[in-house]
Amino acid sequence: MRHLLLSERAHGGWTLAFAVGLLAGAALAYEVLLVRLFAILQWHHFAYMVISLALLGFGASGTLVALFREPLLRRFEWAFPSAAMAFAVGAPIAFQLAQLVPVDALELLWSPRQWLLLGVLYLLLALPFLFAATALCLALARPGAPVHRLYGADLAGSGLGALGSVVLLEVMPPWPALLVVAAIGAIAAGVGALACTLRIRWLVAAFLLPLLLPGLPRDLGDLEISQYKALSEMLRVPGTHVVAERSGPLGLVTVVASPQVPLRHAPGLSLTSKAHLPEQMALFVDGNGPSAINRFQYDIRPFAYLGDTPEALPYALLDAPRVLVLGAGSGTEVLRALWHGAVAVDAVELNPLVAELMTQPFADFVGDLYAQPGVRLHVDEARAFVARNQVHYDLVQVALVDGFGAAAAGLHALDENYLYTVEAFGRYLDRLDDGGLLAITRWNRLPPRDSMKLVATARATLEASGIDRPADHVVLLRGWKTHTLLVAETPFSPGQLAEVRRFASGHAFDLAWLPGMARDEANRFNVLDTPAFHDGARELLGEDAAGFVDAYKFDISPATDDRPHFFQFLRLGTLPELFSKRGAGGLALVDWGYPLLLAALLQALLLGALLILLPLRALRRHHQGTEPARRWTVFAYFGAIGLAFMGLEMAFIQKLVLFLGHPVRAVAVALAGFLVSAGIGSLAVERLLAWRREMTVRHGALVGIALLGLGYLMLLPGLFETLLAWPDAARIAVALAVIAPLGFCMGLPLPLGLRRVAAHAPEALPWAWGINGCASVVGAVLAALLALHFGFGAVVLVSVWLYLLTAVCAP
Amino acid sequence: MKEPGWSASAWAGQLALSCLLLLGVASADEAERRAAMIDEVVATQARYGDRPFTPETLAALGHTERHRFVPTEVRDAAYANRPLPIGHGQTISQPFIVALMTDLLRVGSGDRVLEVGTGSGYQAAVLAELDVTVFTLEIVEPLAVEARARLASLGYDRVTVRHGDGYYGWPGEGPFDAVIVTAAASYIPPPLVEQLRPGGRMVIPIGSRFHTQHLMLVEKSADGTPTVRQLLPVRFVPLTGGH
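Residues numbered from 1 in each chain as written. Chains lettered and ligands numbered in written order. Predicted model: local features only at pLDDT ≥ 70, side-chain atom pairs only at ≥ 80, totals over all residues. Heavy atoms only, no water.

(A) Broad picture of the domain arrangement of chain A. Residue and element names in this part refer to chain A. When its domains are assigned, chain A resolves into domain 1 (1-222), domain 2 (230-292), domain 3 (296-570) and domain 4 (571-811). Placing a centre on the C-alpha atoms of domain 2 and another on those of domain 3 gives a separation of 22 Å. On the domain 3 side, the residues contacting the 29 residues of domain 2 number 29 residues. Both faces considered, domain 2 and domain 3 share a buried interface measuring about 2,200 Å² in area, 71% of it formed by carbon and sulfur atoms. Among the residues domain 2 hides against domain 3, the three largest losses belong to Arg-246, Leu-250 and Gly-268. Together they make up 23% of the total. Counting across the domain 2 and domain 3 interface gives one salt bridge. (Domains from an automatic or database assignment. Contact = heavy atoms within 4.5 Å. Buried area = accessible area lost by both parts, 1.4 Å probe. Salt bridge = Lys/Arg side-chain N within 4 Å of Asp/Glu carboxyl O.)

Next up, the structure:
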């Protein structure tokens, strides 16, 4: 047998495991970078669908190795480094070629050609995953391979890859980061070759390839951003040019100046406004936006326009307020606060790059806005800041941070957003002084959606704080483009209500809800066929709010921390009606995130089934003795583990995002925590087996997963709430301590199963690997879908149940 | 031996005749597809709208050769009731939405219309078919140049295209009987309202490039006060029975 020619290191030593770890890390980092890159080029939800499908390359590797097992394993010492090198070379090339495929996410519904192009895109992006996963699968499929060690290295490498990708994004833009990842893939090929005794040729190639990377043409780094994104639209205006660009894990931040045609960005400005706009520049994140950067020359008087949009309503009711702005960004809300005579403004901005731009290169342009007396800038996540900071305010203002285009198309539907949940509203109200106001502004959409969900959320929050008549604590004002919701812990006084009426009629804004208002007071200036905003708010604050929410054709039930999808409005039942009305513009009412998630699930199921069924014939031919029953157990066991691992991982990562405060770093820490601890679990398999019988170890792991999973579900929210004010490092340590035992247990079932397959039906091992790969892809999409409907708690329950199911279908 | 009648000139004649026939077939074909498109727009409005489109609007849509306003690669879909990409990040609206906006403007013979956002020039051409004079502004220069050439070649001499910022409208040519703003704007430029004649109407589609979510109709009363109506193109009741 040729594989006996492998060096001892390749067979059982750590060198090959190291190569496997490097390659797995590079593949995961490639995935993270692709999501980032496609979020810039197209839109995040589209990126999610494309990359989910491309990950089926992992499933396909199992199929490939199952079909060509003998010849590939015979040439393992050649096949492993070749596959790793193909990943290294293929990753950047596939991305560059993918940029040339003219897929238009917005046209998918209208044009069958677009689906064909999408198929090409999937294929291109899947190839590097296929190469990397084939190398990994080959390493596992060799007779006598130390499966637990290699799988452990695979998991730990992936975990470090997740962390590494975020570190890379901190220090460089995504395209050069992708080149670094490719170089790591090449090094993995070299290390693999070292393990396989093929030293010289491969080592030279492995170490020369990274050296060639800096020689690539510079313009390869230019990203072909979709022509329909707001940034592309802006850059077509004569004279516009990019004046600053910053790249980080939270996005690509671009500042555009337009000296020829003045930028005039004042969303929802009253039609009665006579105010002039100051000079502005535009700020985009990942090509979305814009938000305005106003030229401020230490004189607030020219900013009268900031008093003429619905966001100014709370200032009509407050005198010299202390203000907390959540989502400060380019500073418009801070200026609005100053214009209205705020005495103190705490401005919270999540993205350090935006903060850096405002306080350094554009400090002159914005007149040192964030260094004005009384103004303090905090680079932090909003919820974490509110939990940690015990200061009280007269106004908590949640700024309108996303662009209208993305909101109108429902592109945020899949985003987990902790700014607009019942729990979040509760924390905001806690930060208010007596008589203080919470103000939230969102884009109008017809039929009303965001506005209705805001009112429903306000009611749920007020009721949770023991307020009997929530209707007296809510005001909803509708402009022609945006609406503003006010919530107060004390009922609005007659004087305040009179102020609201004066503000509304003075600016031609409509009253949608005001305690005690008559129906004919609504819908006067921006006239709808029926006063839908007012009618909806009245129902939502009335006796049968639950019935109204159930009967509404969009999902306007309040978002919670467990189901934090504020922007998910589409109900499946409404989709056929909207689709049938497409001729009359019905599709404009669809929030696109959700249907694309369904499309991803459908495609993943179809392709996954194909990839899993394909090798069966070969398996049958190869090994007449493998009974159908055994094949079913392999399918059920590895399928269930793939689904459940992803489910638990995604659910707990979500729970941690809020706790760790910073979405990208939190995901990186959580992912690394899960994968590394699962890797350690896998590495410990051998020792555990020396100590206890296999079945005891497996059942112990399953019981551990069930107890920890369910226990965390009950205990973590309270624990995290208590510890939210702890410093970053301490919270990360707590998060890792919480993850580690669960991850350890989750790392055991797969290598235990692979060991058994390797011992009893080695030809089925690649198939098992492929099933696990496909199930992981389906699992990730399914978990997102389940969370959207039932919350992340339900994802945990289903995942635990799937793990327990493996007790009865072990191969 | 050459067969009689198959000389070079005869070949050329045959070729010319074939081309003419083909052209005739092609334009007959386009006319048929256009008629089918109108039928679909009428049927859609009957099903989902609140009142039928005026015969004038439908005739204007029926006379405008939409296939000449879209790039060749999407020409096959020119008469489908769907938005089409025209390059430079622009789209040509779904014919139903074009009909709806045209109908809402309520313009007729001799009226003057200002359009902000020329795009392909299709909307301007549809308006010109109503015997109105159209002044249209486009900020993206290549689009303005292409639209000007296209409209001129199709004989739309009552449409004037200018490359420039739509914010200030076209003061020298106002006041207008109607204004249509198809360019995305975060707010309604006051000069456009000022250039609207008392009694005039302004239509602004709101939404993303491919999907017009709702329409804003600004009506200027005789005393100059603007009132705004927000219209959903599709009749859609967000509640099921029981409420």
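We are not done yet, so read on.
(B) Fine view of the packing of aromatic side chains. Residue and element names in this part refer to chain A. What the rule picks out here adds up to 24 aromatic pairs over all chains. Relative to Phe-567, the ring of Phe-566 lies with its centre 5.2 Å away and its plane at 85°, an arrangement referred to as edge-to-face. When sorted by exposure, Phe-566 lands in the same class as Phe-567, which is buried. Between the aromatic rings of Tyr-637 and Phe-638, the centroid separation amounts to 5.2 Å while the plane-to-plane angle is 80°, which identifies the pairing as edge-to-face. In this pair, the class of Tyr-637 matches that of Phe-638, namely buried. (Phe/Tyr/Trp six-rings, centres within 6.5 Å; stacked < 30°, edge-to-face > 60°. Buried < 20%, exposed > 50% of the residue type's maximum accessible area, 1.4 Å probe, protein only.)

(C) Region of interest: the sheet that holds strand E11 (residues 482-488) of chain A. Residues and elements named next belong to chain A. Judged by pairing direction, the sheet is mixed, and its eight strands sit side by side in the order E7-E6-E5-E8-E9-E11-E10-E12 without closing on themselves. At either margin of the open sheet sits one strand with a lone partner, and together these are strand E7 (375-379) and strand E12 (510-513). Between one strand axis and the next, the sheet turns through 20° on average, direction left out of account. In the sheet, strand E9 (residues 432-443) pairs with E11 via seven bridges, with the strands oriented antiparallel. (Pairing = 2+ DSSP bridges. Helix = DSSP H or I, 4+ residues; strand = E, 2+ residues; numbered from the N terminus. Axes fitted to C-alpha atoms, helices over the stretch in contact; angles between N-to-C directions.)

(D) Seen up close, the pattern of salt bridges. All names here are of chain A. Using the criterion set out here, one finds 37 salt bridges over all chains in the structure. One salt bridge connects Arg-336 with Glu-333, and the closest N-O pair in it is separated by 2.9 Å. A residue pair is termed a helical-turn pair when its members lie 3 or 4 positions apart in one helix, as Arg-336 and Glu-333 do in helix H13 (residues 332-339) at three residues. Here the residues in one salt-bridge network are Glu-311, Glu-333 and Arg-336, joined through shared partners.

(E) Looking closely at the environment of B:Pro52. Residues and elements named next belong to chain B. By the element assignment, Pro-52 lies in the loop between helix H1 (8-48) and helix H2 (55-63). The class for Pro-52 is exposed, based on a relative accessible area of 65%. With 51 residues separating them in the primary sequence, Pro-52 and Asp-103 have C-alpha atoms 9.6 Å apart. For Pro-52, the residues in contact, after removing those within four places along its chain, are Gln-45 and Asp-103.

(F) Layout of the interface of chain B and chain A. Listed per partner, the contact involves 47 residues of chain B and 56 residues of chain A. Taken together, the connections running from chain B to chain A amount to one salt bridge. The closest approach of N and O atoms between A:Arg264 and B:Asp165, which form a salt bridge, is 2.8 Å. Counting across the interface, chain B meets chain A through 14 residue pairs in polar contact (both at pLDDT 80 or more). Elements with a minimum of two residues in the side of chain B that touches chain A: H1, strand E1 (84-87), strand E2 (90-92), strand E7 (196-207), strand E8 (212-220) and strand E9 (226-231) of chain B. When residues in the side of chain B that touches chain A are grouped by element, the largest group, five residues, is from E9(B). Split into classes, the residues belonging to the side of chain B that touches chain A amount to 23 nonpolar, 19 polar and five charged. (Polar contact = N/O pair within 3.5 Å; in protein donor to acceptor, adjacent residues only side chain to side chain. Nonpolar A, V, L, I, M, F, W, Y, C, P; charged D, E, K, R; others polar.)

(G) Examining the packing of helix H3 (residues 44-54) of chain A against helix H7 (residues 112-141) of chain A more closely. All names here are of chain A. Relative orientation of the contacting elements H3 and H7 amounts to 55°, with a least axis distance of 8 Å. As the angle between them shows, H3 and H7 are arranged oblique. Handedness of the crossing formed by H3 with H7: right-handed. Counting all contacts with H3, which are made through Phe-46, Met-49, Val-50, Leu-53 and Ala-54, the residues of H7 involved are Leu-118, Leu-121, Tyr-122, Leu-125, Ala-126 and Phe-129. (Parallel < 35°, antiparallel > 145°, perpendicular 65-115°, else oblique. Left-handed = near helix turned anticlockwise from the far one by under 90°.)

(H) Quick look at a nonpolar patch on the surface. Residues and elements named next belong to chain A. On the surface, Leu-64, Leu-67, Phe-68 and Leu-614 cluster together into a nonpolar patch covering about 330 Å² of accessible area. Mapped onto the secondary structure, Leu-64 falls in helix H4 (residues 56-67). Accessibility expressed as a relative area gives 31% for Leu-64, which makes it partly exposed. (Patch = residues over 30% accessible without salt bridge, like charges linked within 9 Å, V, L, I, M, F, W, Y side chains within 5 Å. Areas by Shrake-Rupley, 256 points an atom, 1.4 Å probe, with all protein chains shown as cover.)

(I) Representation of the sheet that holds strand E3 (residues 112-116) of chain B. Here we have eight strands laid out as an open sheet, ordered E13(A)-E9(B)-E8(B)-E7(B)-E6(B)-E3(B)-E4(B)-E5(B), and mixed in their pairing. Of all strands in the sheet, those bounded by a partner on one side alone are strand E13 (526-527) of chain A together with strand E5 (159-163) of chain B. Pairing of E8(B) with E9(B) involves six bridges; the strand directions are antiparallel. Within E9(B), the residue paired with B:Met216 across the bridge is B:Gln230. In this fold helix H3 (residues 95-105) of chain B packs onto strand E6 (176-181), E7, E8 and E9 of chain B, with an angle of close to 160° to the strand it touches most, E7(B). Across the sheet, helix H5 (residues 141-153) of chain B is in contact with strand E4 (133-138) and E5 of chain B; its angle to E5(B) comes to roughly 160°.

(J) Main features of unusual backbone geometry. The amide bond that connects A:Gly289 to the next residue, A:Pro290, takes the cis arrangement and shows omega of -5°. In this fold, A:Pro290 is placed in strand E4 (residues 288-294). The peptide bond linking B:Gly174 to B:Pro175 adopts the cis configuration, its omega dihedral lying at -5°. Along the chain, B:Pro175 falls in the loop between E5 and E6.

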